[in-house]
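What follows is each chain in one-letter form.
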Amino acid sequence: MFSIHDFILTENTSLMANNSASLRIHPIPAFQDNYIWVIDNGQHALVVDPGTAEGVVQYLTQHHLILTTILITHHHNDHTGGIDALTEYYNPVVYGPLKEEIAGVTHGLVPGDVIDINDLGLHFAVLDFSGHTLGHIGYSAPTMLFCGDTLFSAGCGRIFEGTPERMFKALNSIKTLPLNTRIYCTHEYTQNNIEFALAVEPHNIALQQYAKRVNLLRQKHLPTLPTNLELELSVNPFLRTDQATLMEALASQYPKAIQDALSLFTFLRAWKNVFPHPPSLGH
Ligand SMILES: [Zn+2]
């Protein structure tokens, strides 16, 4: 169904150090707009943030895959609701943030940990993405990032438990990854995010072009994900708070609210919360 967005990563990529097979990374749509990402080598599989087991079991069965590993980024139910059923079927290792109480997690992780998924030849670094929730973590391997609800294409997650500072720090840490990093976000929010991004930066040509591409994909009901870091740096206002043109345009209109990159980020996040209404000021 989503074949043009299945990415076959070959031996040529640095991912495949210990594995001669190629990896497929596939989005399983769930609920309204979630994606559950599955990585497999034709035999073994890993799933990220299974909010439900339904489509996952179907996919694994259809492709004759054995689920060995689950990665969880944070405690919200639309990312964890399938753990129980999948554990019953497959008894996988379930990694998740140590800081959050999540039933079914077998291995608690803290930022700085490294995990080896031997059957897929993958090694993930665990990143501190607290902000959306307090214990939120991300999983990065060369050329891939599973970021949960921290970054979306052309947008970012809501700050439910953390502070703007934490979310800003998490997003800035993503900016230090290689430009060709593919980013596997967990929600199809791209079109809506682009509307906001265009309100922030109406003259951003890369963004205008991206909007057209995304509209075509969505007309065909295709995912807009994964995205990549190079693209996000050119279209995502939450990664562009260091851009002088963006800063100058908004700081001149809202000088009280915006003095530096963090206050610009905080302003944008607050504005997005009420969009399409104009930013509510006085704070
Ligand atoms: Zn969430």
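Here, every reference points to the structure presented above.
A few points on the structure. Note that the structure is a prediction, hence the values are computed from the model and not measured.

1. Considerations on the pattern of salt bridges
1) Next: Counted by the stated rule, this structure contains 4 salt bridges.
2) Next: Here D242 makes a salt bridge to K175, at a shortest N to O gap of 3.4 Å. Linking D242 in the loop between α7 (229-235) and α8 (244-253) with K175 in the loop between α4 (164-174) and β14 (182-184), this pair joins segments that are 67 residues apart in sequence.
3) Next: Of the charged contacts in the structure, one is a salt bridge between E188 and R218, with a shortest N-O distance of 3.9 Å. Taken together, the residues E188 in the loop between β14 and α5 (190-200) and R218 in helix α6 (residues 205-219) connect sequence positions 30 residues apart.

2. Details of the side chain of S130
1) Next: Note that S130 resides in the loop between β9 (122-128) and β10 (137-141).
2) Next: Of the polar contacts made by the side chain of S130, one reaches the side chain of D128; its length is 3.0 Å.
3) Next: A polar contact is formed between the side chain of S130 and the side chain of R166, at a distance of 2.8 Å.
4) Next: In contact with S130, other than residues within four places in its own chain, are H136, R166, M167 and A170.

3. A closer look at the pairing of strand β2 (residues 23-30)
1) Next: By the criterion of burial, β2 is predominantly enclosed, with 6 of the 8 residues buried.
2) Next: Sheet topology places β2 next to strand β3 (residues 34-40); 7 bridges connect them, and they run antiparallel. When the bridges of β3 are listed, R24 appears paired with D40.
3) Next: Hairpin connection, β2 to β3: the antiparallel pair is bridged by 3 residues, and F31 has positive phi, about 50 degrees.

4. A look at the environment of I102
1) Next: Residue placement: I102 occurs in the loop between β6 (93-97) and β7 (107-109).
2) Next: According to the relative accessible area criterion, I102 is buried, its value standing at 12%.
3) Next: Put simply, I102 and E248 are 146 residues apart on the chain and 43 Å apart in space, counted from C-alpha to C-alpha.
4) Next: Ignoring anything within four residues of it in the chain, the contact list for I102 reads I72, H74, H75, T80, I83 and P97.

5. Some details on the nonpolar core
1) Next: Counting 55 residues, the largest nonpolar core has I39, F124, Y139 and L250 as its most contacted members.
2) Next: When near neighbours in sequence (up to four residues on either side) are disregarded, F124 contacts I39, L46, L71, D113, V114, I115, I117, Y139, S140, A141, M144 and F146.
3) Next: Formed by 20 residues, the second largest nonpolar core is a distinct cluster that contains A45, V47, Y59 and L65.

6. Structural notes on the packing of aromatic side chains
1) Next: This model, assessed by the stated rule, comprises 15 aromatic pairs.
2) Next: On the basis of an interplanar angle of 55 degrees and a centroid distance of 6.0 Å, the ring pair of Y35 and W37 is categorised as tilted.
3) Next: Ring geometry for F152 and Y189: centres 4.8 Å apart, planes at 75 degrees, overall edge-to-face. Of this pair, F152 sits in strand β12 (residues 151-152) while Y189 sits in the loop between β14 and α5; the two residues are 37 residues apart in sequence, bridging distant segments of the chain.
4) Next: The partly exposed category is assigned to Y189, whose relative accessible area is 29%.
5) Next: Chaining the aromatic ring pairs together yields one cluster made of F168, F196, F238, Y254, F265, F267, W271 and F275.

7. Some points on the sheet that holds β9
1) Next: An order of β8-β9-β10-β11-β14-β15 is seen for the 6 strands of this open sheet, with the pairing classed as mixed. Each of the sheet's edge strands pairs with one partner strand only, and the pair in question is β8 (114-117) and β15 (227-228).
2) Next: As paired elements, strand β11 (residues 144-146) and β14 share 3 bridges and run parallel to each other. Residue pairing across strands places F146 opposite Y184, the latter belonging to β14.

8. So, α5
1) Next: Among the residues of α5, those classed as buried are T190, N193, I194, F196, A197 and V200. Take α5 and look down its axis: the buried residues cluster within an arc of 165 degrees, on one side only.

9. Let's talk about the coordination of the zinc ion
1) Next: Coordination of the zinc ion by the protein is provided by H74 (NE2), H76 (ND1), H132 (NE2) and D149 (OD), with metal-donor distances spanning 2.2 to 2.3 Å.
2) Next: Coordination at the zinc ion is irregular: its 4 donor atoms span angles of 91 to 167 degrees at the metal.
3) Next: Within one chain, the residues serving as donors to the zinc ion are arranged as H-x1-H-x55-H-x16-D. Residue H74 is located in the loop between β5 (66-71) and α2 (77-80), and its partner H132 is located in the loop between β9 and β10; the two are separated by 58 residues in the primary sequence.
4) Next: For H74, a relative accessible area of 0% gives the class buried.
5) Next: For H132, a relative accessible area of 4% puts it in the buried group.

10. Topic: the packing of α5 against α6
In helix packing, the relevant descriptors are the interaxial angle and the interaxial distance, both defined with respect to the helix axes.
1) Next: Close contact between α5 and α6 brings their axes to 10 Å; oriented N to C, the two are set at 155 degrees. Here α5 is positioned roughly antiparallel relative to α6, judged by the angle of their axes. In this structure, α5 crosses over α6, and the sense of that crossing is left-handed. Of the residues in α6, those in contact with T190, Q191, I194, A197 and L198 of α5 are L207, Q208, Y210, A211, V214, N215 and R218.
2) Next: Looking at the contact of α5 with α6 residue by residue, the classes come out as 7 nonpolar, 4 polar and 1 charged.

How each quantity is defined
- Residues numbered from 1 in each chain as written.
- Predicted model: local features only at pLDDT ≥ 70, side-chain atom pairs only at ≥ 80, totals over all residues.
- Heavy atoms only, no water.
- Salt bridge = Lys/Arg side-chain N within 4 Å of Asp/Glu carboxyl O.
- Helix = DSSP H or I, 4+ residues; strand = E, 2+ residues; numbered from the N terminus.
- Polar contact = N/O pair within 3.5 Å; in protein donor to acceptor, adjacent residues only side chain to side chain.
- Contact = heavy atoms within 4.5 Å.
- Buried < 20%, exposed > 50% of the residue type's maximum accessible area, 1.4 Å probe, protein only.
- Pairing = 2+ DSSP bridges.
- Core = buried A, V, L, I, M, F, W, Y, C linked by side-chain atoms within 4.5 Å.
- Phe/Tyr/Trp six-rings, centres within 6.5 Å; stacked < 30°, edge-to-face > 60°.
- Arc of directions from axis to C-beta.
- Donors = N, O, S within 2.8 Å, 3.2 Å for Na, K, Ca; no water.
- Tetrahedral: all angles 85-135°; square planar, octahedral: opposite > 155°, others 65-115°.
- Axes fitted to C-alpha atoms, helices over the stretch in contact; angles between N-to-C directions.
- Parallel < 35°, antiparallel > 145°, perpendicular 65-115°, else oblique.
- Left-handed = near helix turned anticlockwise from the far one by under 90°.
- Nonpolar A, V, L, I, M, F, W, Y, C, P; charged D, E, K, R; others polar.

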